[in-house]
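Summary of structural features
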Amino acid sequence: MSKDDVYYGEESAVVDWEGRSLADAFADQPVVEAKIVTIDGKKAVYMELDNSYEGYNQITRFWYSVEYPILYRYEIEDGGTIIATGETTKFEINVPLDDSLFEKPEDVEFQNL
């Protein structure tokens, strides 16, 4: 990420993530850096966590939407090598869905465990 991608505005961002703020969600995590950036023309909260432990030098990076409670992108780096990445490539809101999508299929039987 270049310095041109970093948003230096004075505003603060509150992102509702699973009913709580990102700050609350990551309060017990080893956050190395958190800032507002621009990704693909949209503002996002960038968070970098140090998840290193015995023999593993691991950094996890997240880019969360400021506007919607979604994860735009993530990457996991271990020992200087990116070992996993993910990205939201298509996101639509207010799309009509047929109610039948939420009905139990006839050939499925739920069990109580």
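Look up: the structure comes first, before these words.
Here goes a summary of the coordinates provided. (Residues numbered from 1 in each chain as written. Predicted model: local features only at pLDDT ≥ 70, side-chain atom pairs only at ≥ 80, totals over all residues. Heavy atoms only, no water.)

Counting residues in hydrophobic clusters, the biggest one holds seven residues: Val-37, Ile-39, Ala-44, Tyr-46, Trp-63, Ile-70 and Tyr-72. Elements with a contribution of two residues or more to this core: strand S3 (31-39) and strand S4 (42-50). Grouped together as the second largest cluster of nonpolar side chains are six residues, Ile-36, Val-45, Leu-49 and Tyr-64 included. (Core = buried A, V, L, I, M, F, W, Y, C linked by side-chain atoms within 4.5 Å. Buried < 20%, exposed > 50% of the residue type's maximum accessible area, 1.4 Å probe, protein only. Helix = DSSP H or I, 4+ residues; strand = E, 2+ residues; numbered from the N terminus.)

Where S3 and S4 come together, eight bridges link them in antiparallel fashion. Note on S4: the bridge partner recorded for Lys-35 is Tyr-46. Where S3 folds back on S4, the antiparallel hairpin that results is connected by two residues, among which Asp-40 adopts a positive phi of roughly 50°. Where S4 meets strand S5 (residues 58-65), seven bridges bridge the pair, whose relative direction is antiparallel. Note that in S5 the partner of Tyr-46 across the bridge is Trp-63. (Pairing = 2+ DSSP bridges.)

What follows concerns the packing of aromatic side chains. All told, the structure shown has four aromatic pairs when counted by the stated rule. The interplanar angle of 50° and the centroid separation of 5.2 Å between the aromatic rings of Tyr-46 and Trp-63 together place this pair among those described as tilted. Of this pair, Tyr-46 sits in strand S4 while Trp-63 is found in strand S5, placing the two residues 17 residues apart along the sequence. In this pair, the class of Tyr-46 matches that of Trp-63, namely buried. Note that Arg-73 overlies the ring of Trp-63, its terminal NZ or CZ placed 5.8 Å from the centroid. (Phe/Tyr/Trp six-rings, centres within 6.5 Å; stacked < 30°, edge-to-face > 60°. Lys NZ or Arg CZ within 6 Å of the ring centre and 35° of its normal.)

The next point concerns the sheet that holds S3. The strand order across the open sheet built from five strands is S3-S4-S5-S6-S7, with neighbouring strands paired in antiparallel fashion. A strand with exactly one partner marks an edge of an open sheet, and here the two such strands are S3 and strand S7 (81-87). Put simply, the sheet's adjacent strands are angled 15° from each other on average, direction ignored. Where S5 meets strand S6 (residues 71-78), seven bridges bridge the pair, whose relative direction is antiparallel. In the sheet register, Gln-58 faces S6, and the bridge partner there is Asp-78. (Axes fitted to C-alpha atoms, helices over the stretch in contact; angles between N-to-C directions.)

What follows deals with the side chain of Ser-65. Mapped onto the secondary structure, Ser-65 falls in strand S5. Here the side chain of Ser-65 touches Glu-67 through a polar contact of 3.1 Å, landing on its backbone nitrogen. A polar contact of 2.8 Å, which involves the side chain of Ser-65, links it to the backbone nitrogen of Tyr-68. (Polar contact = N/O pair within 3.5 Å; in protein donor to acceptor, adjacent residues only side chain to side chain.)

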